[in-house]
Amino acid sequence: MAEPRKTKAKHAERIKQEVEKRRTEAEKNGEQFTSLTDDQLQKKLRRTRSPMIVWQSWTGSTTPGGVINYSLGIYNPDPTTWVWLFVHLFVGAANMVADPNDAVVAVDSRFPRLTAPDFAGLSVDPGKTQSLSFSLPIPGNAEPTDYLGNSFLFHSVWHDTGQYLDRSLFVFKVG
């Protein structure tokens, strides 16, 4: 049964309020910021009944040996709490690979692969947004250029295959 239009409108309004709050914080901190456009938000709310990445912010540049700070917001449009959620962060051309199984191996191996939060993962209540933050160390031998950062949201299943939920891309400069 399709979720009533009124409920989807409530989700959209909650997400927009959170996005504007986070956008203001990012601008104040001099960070890069992206969020879902209205069209993207409506499409995601139509196609999914699971947590989704609705915004992200990050320091736009650093030097070799520095750090890129990255944060993202995860919204739960479902009527029940989601538990055991994790985000896997890495650098590489994964955004151009449609299949998540193939995308997570499109990695620049000079950079670390990070996963958060700690055991037992993130819980997101219905109609709420939770955020996660990462500090991505940049190798001292990184060439001065732009790099593609990727975050993959997944639901852990402790004794079986986990479930891919969503992903996002961010671009940062090393120079």
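Structure first, text after, so check above.
Criteria and cut-off values
- For every chain, the first residue of its written sequence is number 1, and the numbers climb from 1 along that sequence.
- Given that the model is predicted, a residue must reach a pLDDT of at least 70 before its local features are reported, and side-chain atom pairs must reach 80 or more before they are shown or counted; all residues, however, enter totals for whole chains, interfaces and linings.
- Note that water and hydrogens are dropped before the side-chain values are worked out from all heavy atoms of the structure.
- Numbering of helices and strands runs from the N terminus, with a helix taken as a DSSP run of H or I at least four residues long and a strand as a DSSP run of E at least two residues long.
- Burial classification: accessible surface area is computed with a 1.4 Å probe over protein chains only, and a residue below 20% of its type maximum counts as buried, one above 50% as exposed, and the rest as partly exposed.
- Any two residues whose heavy atoms approach within 4.5 Å are treated as being in contact.
- Each patch is built from salt-bridge-free residues with over 30% relative accessible area, joining like charges within 9 Å and nonpolar side chains (Val, Leu, Ile, Met, Phe, Trp, Tyr) within 5 Å.
- Note on areas: Shrake-Rupley with a 1.4 Å probe; residue coverage comes only from the protein chains shown.
- Between Lys or Arg on one side and Asp or Glu on the other, a salt bridge is scored when a side-chain nitrogen of the former is within 4 Å of a carboxyl oxygen of the latter.
- Side-chain atoms within 4.5 Å are what join buried Ala, Val, Leu, Ile, Met, Phe, Trp, Tyr and Cys residues into a set we call a nonpolar core.

1. Things to note about the environment of Val107
Within the fold, Val107 resides in the loop between α3 (100-103) and β6 (114-116). Residue Val107 is classed as partly exposed on the basis of its relative accessible area, which comes to 25%. Residues Val107 and Ser168, 61 residues apart in the sequence, show an inter-C-alpha distance of 15 Å. Setting aside anything within four residues of it in sequence, one finds Val107 in contact with Phe90, Val91, Gly92 and Arg113.

2. Brief notes about a nonpolar patch on the surface
Residues Val83, Trp84, Phe119 and Trp158 make up a contiguous nonpolar surface patch of about 430 Å² in total accessible area. Tracing the chain through its elements places Phe119 in the loop between β6 and β7 (122-124). Accessibility expressed as a relative area gives 71% for Phe119, which makes it exposed.

3. Some thoughts on the nonpolar core
The biggest cluster of nonpolar side chains holds 26 residues, and the ones touching the most others in it are Leu72, Ile74, Phe134, Ile138 and Phe172. Within the residue set of this core, elements represented by two or more residues are β2 (52-58), β4 (67-75), β5 (82-91), β7, β8 (129-137), β9 (145-155) and β10 (163-174). For this core, the element with the highest residue contribution is β5, accounting for five residues. Each residue touching Phe134, except ones within four places of it in the same chain, is listed here: Ile68, Asn69, Tyr70, Leu72, Val87, Leu89, Leu114, Thr115 and Ala116. Grouped together as the second largest cluster of nonpolar side chains are twelve residues, Phe33, Leu41, Met52 and Val54 included.

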